[in-house]
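# Geometric and topological summary
Chain by chain, the residues:
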Number of protein chains: 2
Amino acid sequence: MSSDHQPYHHGNLREALLEAAFRLVDSQGPEAFSMRALARDAGVSSAAPFRHFSDKRVLLDAVAERARAELDRTLDEATAQCADALTQFRAMTVAYVRFAAEHPTLFDLIHSAGSTPGRFPGDLNDERRLKLIALIYEGQNAGLIPEADPELIALTSEALTHGLARMVVDGHPRLASLSSEDARKLALAATQLLQSGIGLS
Amino acid sequence: MSSDHQPYHHGNLREALLEAAFRLVDSQGPEAFSMRALARDAGVSSAAPFRHFSDKRVLLDAVAERARAELDRTLDEATAQCADALTQFRAMTVAYVRFAAEHPTLFDLIHSAGSTPGRFPGDLNDERRLKLIALIYEGQNAGLIPEADPELIALTSEALTHGLARMVVDGHPRLASLSSEDARKLALAATQLLQSGIGLS
DNA sequence: TTTAGGTGTGAGCGGTGCTAACATTAGCGG
DNA sequence: CCGCTAATGTTAGCACCGCTCACACCTAAA
């Protein structure tokens, strides 16, 4: 006579699964979760999740997308309070590496999830990339940056940042036990080193 | 009455498994192989592989180690014919990125296989890293390189190379469809850009 | 109120990594 | 050459996985 039996419909399964998966991936990596376990945790049968995500890959892609949004948000926050474009760019580099250090598995997933093919999955979005190139043009017009190909300069900056982040994630010997504060300093130093080469003050 | 029945012992199972796994990972990525399939291909029962590799992870680690050796060999070949240390370093950068472009899944595995913990799994080995730092000292003594922390300079170079390689592997929009010849040029250009910043000619 | 469709269930298929108990064989000390 | 041990293979099987199918249920629009 128990009248408080669970409702037949969960009500918010999709979101619950996504949320749980996100937390699991963030804390233990993508290997650490299974559809079935997710279903169990949500108090639902093992077949239910497939009503919302046709595929495990699809769920992972959704998680990756959420992580990407999180990265985006972080970068926005980091650059919001910067006056000039140059310090904006530096702050972005720092925030990027810091995010990688604090959420290594998410950072990893972002780049390995081949969700939207033809798009570099996890890095700067197009808007940001354009902004960067615009900054370089600006600098060249002001005579601050030598007349090298702006795309090349942008690419080089991006590569440096990305490489730094990955080295942190992958456990480079000199970077593995880095606090995120140390990561901050390193990112800043390396970026300035590169920029001094390019010609920025 | 078939007198030519298979010998009970394979004779070379460990090597055969390793070889097959290596090829599979190289051509289709680490998801594409299972212990059981490997056993089938070797004409052996599904439990046999575990006599040689206690764990799937262990096998993958062995594959990663082989890949790492391959990378090492490639880098050695690339730098063998270079006269001075500077062009050696540049050739190494180019070869590194090229390897990543030609063997993306191996490159990936090398870095994700947490085999020997505490060691940056897939990058330059210690010997090479020391050589790089020595080169920087040399340059500083000759007055060619400013007196920044040599470790920082080395780290920055390494990050740039590593980042470039990863962007190629992960499918960066401007880098995805890069031929390995284009990768060569890019690596060279970016490296020179950085080095001109540091002070190398 | 009916009905269509979105969301849940249970059973089950073929696959996986891995283990345990047993079989065969190679190789070494006598 | 014999016999023993350890290495290497076998079969059977456990627990789990992703995923599918047929069916049950509930909701909301007509």
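Everything below is about the structure shown above.
Presented here is a report on the structure given in the accompanying data block.

This brings us to the protein's contact with DNA strand C. Taken together, 23 residues are adjacent to DNA strand C, and S45, R51 and H52 of chain A together with R36 and K56 of chain B come closest. For DNA strand C, the backbone portion of the atoms within 4 Å of the protein, that is sugar and phosphate, comes to 52%. Between S45 of chain A and DNA strand C, the recorded distance is 2.4 Å, taken from a backbone N or O atom to a phosphate oxygen. It is helix α2 (residues 35–41) of chain B that provides the largest number of residues to the surface near DNA strand C, a total of 3 residues. Among the residues making up the surface near DNA strand C, the classes are represented as 9 nonpolar, 7 polar and 7 charged.

Attention now goes to the packing of aromatic side chains. Residue and element names in this part refer to chain A. Enumeration according to the criterion identifies 2 aromatic pairs over all chains in this entry. Centroid distance Y96 to F107: 5.6 Å. Interplanar angle 80°. Geometry classified as edge-to-face. A residue pair is termed long-range when its members are at least 10 positions apart, and Y96 in helix α4 (residues 85–102) and F107 in helix α5 (residues 104–112) qualify at 11 residues. The aromatic ring of F33 is capped on one face by K56, whose charged end is 5.1 Å from the ring centroid.

Glancing now at the pattern of salt bridges. All names here are of chain A. Under the criterion given, the structure shown has 20 salt bridges over all chains. Salt-bridge contacts for E77 lead to R73; the nearest nitrogen and oxygen are separated by 3.0 Å. Within this pair, E77 and its partner R73 are both found in helix α3 (residues 56–80), separated by 4 residues, close to a single helical turn. The exposure class of R73 is partly exposed, given its relative accessible area of 43%.

Residues and elements named next belong to chain B. Considering the arrangement of structural elements, one finds R129 in helix α6 (residues 126–141). Taking relative accessible area as the criterion, R129 reaches 10% and is therefore assigned buried. A polar atom in the side chain of R129 sits 2.5 Å from the side chain of E158.

This brings us to helix α7 (residues 150–170) of chain A. If you check α7 of chain A, its first and last C-alpha atoms are 30 Å apart, about what 21 residues at 1.5 Å a residue would give, namely 30 Å. Burial within α7 of chain A is extensive, with 19 of its 21 residues counted as buried.

The next point concerns the packing of helix α6 (residues 126–141) of chain A against α7 of chain A. Packed helices, taken two at a time, are described by the angle their axes make and the gap between the axes. Residue and element names in this part refer to chain A. Across the interface, α6 lies against α7 with an axial gap of 9 Å and an inter-helix angle of 125°. With respect to each other, α6 and α7 are oriented oblique. When the axes of α6 and α7 are compared, the crossing they make is right-handed. Where α6 approaches α7, its residues R129, L132, I133, I136, Y137 and Q140 are matched on the opposing element by P150, E151, I153, A154 and E158. For the contact of α6 with α7, the per-class residue count stands at 7 nonpolar, 1 polar and 3 charged.

Residues and elements named next belong to chain B. When the terminal C-alpha atoms of helix α3 (residues 56–80) are compared, their 36 Å separation across 25 residues agrees well with the 36 Å that a helix rising 1.5 Å per residue should span. Of the residues making up α3, those classed as buried are L59, L60, D61, A62, V63, A64, A67, R68, L71, L75 and T79. Residue D55 occupies the N-cap position of α3, its side-chain oxygen lying 3.3 Å from the main-chain nitrogen of R57.

What counts as what
Residues numbered from 1 in each chain as written. Chains lettered and ligands numbered in written order. Predicted model: local features only at pLDDT ≥ 70, side-chain atom pairs only at ≥ 80, totals over all residues. Heavy atoms only, no water. Near = heavy atom within 4 Å. Polar contact = N/O pair within 3.5 Å; in protein donor to acceptor, adjacent residues only side chain to side chain. Helix = DSSP H or I, 4+ residues; strand = E, 2+ residues; numbered from the N terminus. Nonpolar A, V, L, I, M, F, W, Y, C, P; charged D, E, K, R; others polar. Phe/Tyr/Trp six-rings, centres within 6.5 Å; stacked < 30°, edge-to-face > 60°. Lys NZ or Arg CZ within 6 Å of the ring centre and 35° of its normal. Salt bridge = Lys/Arg side-chain N within 4 Å of Asp/Glu carboxyl O. Buried < 20%, exposed > 50% of the residue type's maximum accessible area, 1.4 Å probe, protein only. Expected span 1.5 Å × (residues − 1). Axes fitted to C-alpha atoms, helices over the stretch in contact; angles between N-to-C directions. Parallel < 35°, antiparallel > 145°, perpendicular 65-115°, else oblique. Left-handed = near helix turned anticlockwise from the far one by under 90°. Contact = heavy atoms within 4.5 Å.

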